[in-house]
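One-letter residues, chain by chain:
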Amino acid sequence: MPSFDFGALLPYYTEFKTGGLLACAYASGAISCAAAYLSCRYFNSALAFERVAAFCFLASGVLWLAPLLPLFDKKYLDFQLAVLVLAALPASKLIHGLSWGRACAVWAPFAATQFGTYLYLAKYF
């Protein structure tokens, strides 16, 4: 099946792609924010909602917009995105100043919801 060049049909195709990735980043950031905050409350972490929300939305934005960067190779994109998700764990520990266990309480729901959103979009879109 030959590929179709959407850039010839739609002059702002790259902006549409960027908008779609921003929408995915926002949706998955909101879901991961709720999940991570509930996890923090369950494990009696002292993190406030705004700190959890800032981490989830910023990390989600980096994760979903990273494929637009030229240094990301399309062949290894899934591996590179998995490394970014794993890099969010030490970033969470460093940013919040938590122990590894408490940092996992923020990171695990974040990683699970990002992975779930990615699988959902891969299956249905």
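Residues numbered from 1 in each chain as written. Predicted model: local features only at pLDDT ≥ 70, side-chain atom pairs only at ≥ 80, totals over all residues. Heavy atoms only, no water.

Okay, the side chain of S92 next. Within the secondary structure, S92 is located in helix α4 (residues 77-96). The class of S92 is buried, set by a relative accessible area of 0%. Look past the residues within four positions of S92 in its chain and what remains in contact with it is F55, G97, A103 and V106. (Helix = DSSP H or I, 4+ residues; strand = E, 2+ residues; numbered from the N terminus. Buried < 20%, exposed > 50% of the residue type's maximum accessible area, 1.4 Å probe, protein only. Contact = heavy atoms within 4.5 Å.)

Another point: unusual backbone geometry. Look at N44: it is not a glycine, yet its phi comes out positive at around 55°. Along the chain, N44 turns up in the loop between α2 (13-42) and α3 (49-65).

Bringing the packing of aromatic side chains into the picture now. When we look at a pair of aromatic rings, we describe it by the centre distance and by the angle of the planes. Tallied over the entire structure, the rule returns five aromatic pairs. Taking the centre distance of 4.9 Å and the plane angle of 50° together, the rings of Y120 and Y124 count as tilted. Pair noted here: Y120 and Y124 are both in helix α5 (residues 100-124), with a separation of four residues, about one helical turn. Taking the relative accessible area as the measure of exposure, Y124 reaches 51% and is therefore exposed. In this arrangement the basic side chain of K93 is found over the ring face of W100, its NZ or CZ atom lying 5.3 Å from the centre. (Phe/Tyr/Trp six-rings, centres within 6.5 Å; stacked < 30°, edge-to-face > 60°. Lys NZ or Arg CZ within 6 Å of the ring centre and 35° of its normal.)

The subject of this paragraph is the confidence of the model for the chain. Taken over all residues, the pLDDT of the chain has a mean of 86, while the share at 70 or more is 89%. The lowest-confidence element of the chain is helix α1 (residues 6-9), averaging 54 in pLDDT; the highest-confidence one is α3, averaging 94. (pLDDT = per-residue confidence, 0-100.)

With that settled, consider the nonpolar core. F55, C56, V106, W107 and F110 are the most contacted members of the largest nonpolar core, which has 27 residues in total. Residue assignment for this core shows that the elements contributing at least two residues are α2, α3, α4 and α5. With seven residues, the single largest contributor to this core is α3. When neighbours within four sequence positions are excluded, W107 is seen to be in contact with V85, L86, A88 and L89. (Core = buried A, V, L, I, M, F, W, Y, C linked by side-chain atoms within 4.5 Å.)

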